[in-house]
Amino acid sequence: MGFRHPKPLFGGAAFLVVACLLPSLITMPMQFHAMSAGTPPSMATSALIMAISVLFGLLIIPLYAGYLQLVDAAEREQPVRALDIFNPYRQGEAWRLIGLGLANFVVYIAGIAIIIVATGAGIASWYMQALAAQVNHQPPPALPGGFWIAVALLMAFGLLMMGFYAISLGQVALNRRNVFGAIGDGVTGALKNVLPLLLFALSSILVSIVVAIVFAIVIMLLALLAKLISSWLVLAVIVPFYIAMILVMFTVMFGVMYHLWRDVCGDDTVSDMAPAIAA
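Residues numbered from 1 in each chain as written. Predicted model: local features only at pLDDT ≥ 70, side-chain atom pairs only at ≥ 80, totals over all residues. Heavy atoms only, no water.

Things to note about the overall build of the protein
At step 1: Regarding its fold elements, the protein presents nine helices and zero strands.
At step 2: Order of helices (α) and strands (β) in the protein, N terminus to C terminus: α-α-α-α-α-α-α-α-α.
At step 3: Split into buried and exposed, the 279 residues of the protein put 33% on the buried side.
At step 4: At a minimum sequence separation of 6, the contacts of the protein that also span at least 24 residues come to 71%.
At step 5: Carbon and sulfur atoms make up 76% of the accessible area of the protein, which totals about 16,800 Å². (Helix = DSSP H or I, 4+ residues; strand = E, 2+ residues; numbered from the N terminus. Buried < 20%, exposed > 50% of the residue type's maximum accessible area, 1.4 Å probe, protein only. Contact = heavy atoms within 4.5 Å. Areas by Shrake-Rupley, 256 points an atom, 1.4 Å probe, with all protein chains shown as cover.)

Here it is in structure tokens:
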């Protein structure tokens, strides 16, 4: 799909990459300052970094929806351009999408909290001790009881959240559903498609392993060329290659989200369009 419509889809992915990197321009200097001081960041600094990340994360969600709309228009062979990812802001849909993102964030935090409480509250204190040990360059504490059960449950929860997020965002961005209706659709769609989501996760792991092997081979060849020719030449090759890989990853990720939504909720779109066509 991306190579059929390279200019709008890869251009939109480039805008998304830049938008996702913007929070780092603020939070990374704060983290580097704490590291250079040799002391762990204070609670106020950590809270500020988290607040900035959450705020920017919510503001970026309308761009995610705009990219899904761009993908949908490209699939329907409609005229599109990369700047269309900003349409939710232009059309006044941003607040509804930000509300969905906030609701999804609450669902995500609540799910993690329930799993941690159900498998033993000691995991939370172990995590704080592990962070403190990492900052102070000390060995990590021993794993608490129920740790691996919690990991398994978190992986299953993450799998369901992947389907839930794709469906709910697609419903708001493409079906113009209200926030609570989209959340209900996301929960129902994810629970009804556990097996396809599991097969998708397993296939994604296999593909990731292959991609990692190919990427490692490419890096080794470039390192060899750097020794034989020039390191500057290799840098001039690897930087565009890395940027292209990120753009392809973003395009594939949102393409998968779009098709996941379309396979689960595509009939809703068709049924909504049928009365208008008949009229």
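Quick notes on the confidence of the model for the protein
At step 1: The share of residues in the protein with pLDDT of 70 or more is 87%, and the mean pLDDT across the chain is 83.
At step 2: At the level of individual helices and strands, the protein shows its lowest average pLDDT in helix α5 (residues 122-135), which scores 70, and its highest in helix α3 (residues 87-90), which scores 92.
At step 3: Residue range residues 270-279 is modelled with pLDDT below 50. Its contacts to residues more than four positions away, or to other chains, number two contacts. (pLDDT = per-residue confidence, 0-100.)

Quick notes on the packing of aromatic side chains
Aromatic ring pairs are described here by two measures, namely the spacing of the ring centres and the angle between the planes.
At step 1: One pass over the full model with this rule turns up seven aromatic pairs.
At step 2: A ring pair is formed by Tyr-108 and Phe-157, whose centres lie 6.2 Å apart and whose planes are at 25°; its orientation type is stacked. Placement of the pair is Tyr-108 in helix α4 (residues 94-119) and Phe-157 in helix α6 (residues 147-174), with a sequence separation of 49 residues.
At step 3: Look at Phe-215 and Phe-241: their rings are 5.9 Å apart centre to centre, the planes differ by 10°, and that puts the pair in the stacked class. Here Phe-241 lies in helix α9 (residues 231-278) and Phe-215 lies in helix α8 (residues 194-228), a separation of 26 residues in the sequence.
At step 4: Note on Phe-215: relative accessible area 26%, which makes it partly exposed. (Phe/Tyr/Trp six-rings, centres within 6.5 Å; stacked < 30°, edge-to-face > 60°.)

So, the packing of α6 against helix α7 (residues 179-192)
At step 1: Where α6 meets α7, the axes come as close as 8 Å, and the angle between the chain directions of the two elements is 140°. Viewed along their axes, α6 and α7 adopt a mutual orientation that is oblique. The hand of the α6/α7 crossing is right-handed. In this structure, α6 uses Leu-160, Gly-163, Phe-164, Ile-167, Ser-168, Gln-171 and Val-172 to contact α7, whose residues at the interface are Ala-182, Ile-183, Asp-185, Gly-186, Val-187, Gly-189, Ala-190 and Leu-191.
At step 2: Among the residues forming the contact of α6 with α7, the class breakdown is nine nonpolar, five polar and one charged. (Axes fitted to C-alpha atoms, helices over the stretch in contact; angles between N-to-C directions. Parallel < 35°, antiparallel > 145°, perpendicular 65-115°, else oblique. Left-handed = near helix turned anticlockwise from the far one by under 90°. Nonpolar A, V, L, I, M, F, W, Y, C, P; charged D, E, K, R; others polar.)

Brief notes about unusual backbone geometry
It is generally the case that most residues other than glycine have a negative phi and that most peptide bonds are trans.
At step 1: Despite not being glycine, Glu-77 has its phi angle at roughly 60°, a positive value.
At step 2: In this fold, Glu-77 is placed in the loop between α2 (43-75) and α3.
At step 3: For Arg-176, which is not glycine, the phi torsion reads 55° and is therefore positive.
At step 4: Within the secondary structure, Arg-176 is located in the loop between α6 and α7.
At step 5: Given a relative accessible area of 44%, Arg-176 falls into the partly exposed group.

Observations regarding the environment of Ala-223
At step 1: As for its placement among the helices and strands, Ala-223 is situated in helix α8.
At step 2: Sequence separation between Ala-223 and Leu-235 is 12 residues; the distance between their C-alpha atoms is 9.7 Å.

Points about the side chain of Gln-69
At step 1: Structurally, Gln-69 can be placed in helix α2.
At step 2: Of the residues examined, Gln-69 reaches a relative accessible area of 14% and is grouped as buried.
At step 3: A polar contact of 3.5 Å, which involves the side chain of Gln-69, links it to the side chain of Glu-93.
At step 4: Dropping the residues within four chain positions of it, Gln-69 is found in contact with Asn-87, Pro-88, Glu-93, Ala-173, Leu-174 and Arg-176. (Polar contact = N/O pair within 3.5 Å; in protein donor to acceptor, adjacent residues only side chain to side chain.)

Some remarks on a nonpolar patch on the surface
At step 1: A contiguous nonpolar surface patch, about 960 Å² in accessible area, is contributed by Leu-195, Leu-198, Leu-199, Leu-202, Ile-205, Leu-206, Ile-209, Ile-213, Ile-217 and Leu-221.
At step 2: Tracing the backbone through its elements, the reader meets Leu-195 in helix α8.
At step 3: Look at Leu-195 and you get exposed, because its relative accessible area is 55%. (Patch = residues over 30% accessible without salt bridge, like charges linked within 9 Å, V, L, I, M, F, W, Y side chains within 5 Å. Salt bridge = Lys/Arg side-chain N within 4 Å of Asp/Glu carboxyl O.)

A closer look at the packing of α4 against α6
For any two helices packed against each other, the geometry comes down to the angle between their axes and how far apart the axes lie.
At step 1: Relative orientation of the contacting elements α4 and α6 amounts to 165°, with a least axis distance of 11 Å. Relative to α6, the element α4 is oriented roughly antiparallel. The crossing of α4 and α6 is right-handed. Residues Arg-96, Leu-97, Leu-100, Asn-104, Val-107, Tyr-108, Gly-111, Ile-112, Ile-115 and Thr-119 of α4 lie in contact with α6, whose contacting residues are Ile-149, Ala-150, Leu-153, Leu-154, Phe-157, Met-161, Phe-164, Tyr-165, Ser-168, Leu-169, Val-172 and Ala-173.
At step 2: Across the contact of α4 with α6, the residue classes break down as 17 nonpolar, four polar and one charged.

Quick word on the environment of Arg-4
At step 1: Looking at the element boundaries, Arg-4 is found in the segment before α1 (6-37).
At step 2: Separated by 70 residues in the primary sequence, Arg-4 and Ala-74 place their C-alpha atoms 8.8 Å from one another.
At step 3: Side chain to side chain, Arg-4 and Glu-75 meet in a polar contact 2.6 Å long.

With respect to α6
At step 1: Its 28 residues place the ends of α6 39 Å apart at the C-alpha level, agreeing with the 40 Å of an ideal helix rising 1.5 Å per residue.
At step 2: Count one or two residues on from α6 and you reach Arg-176, which has phi positive near 55°. (Expected span 1.5 Å × (residues − 1).)

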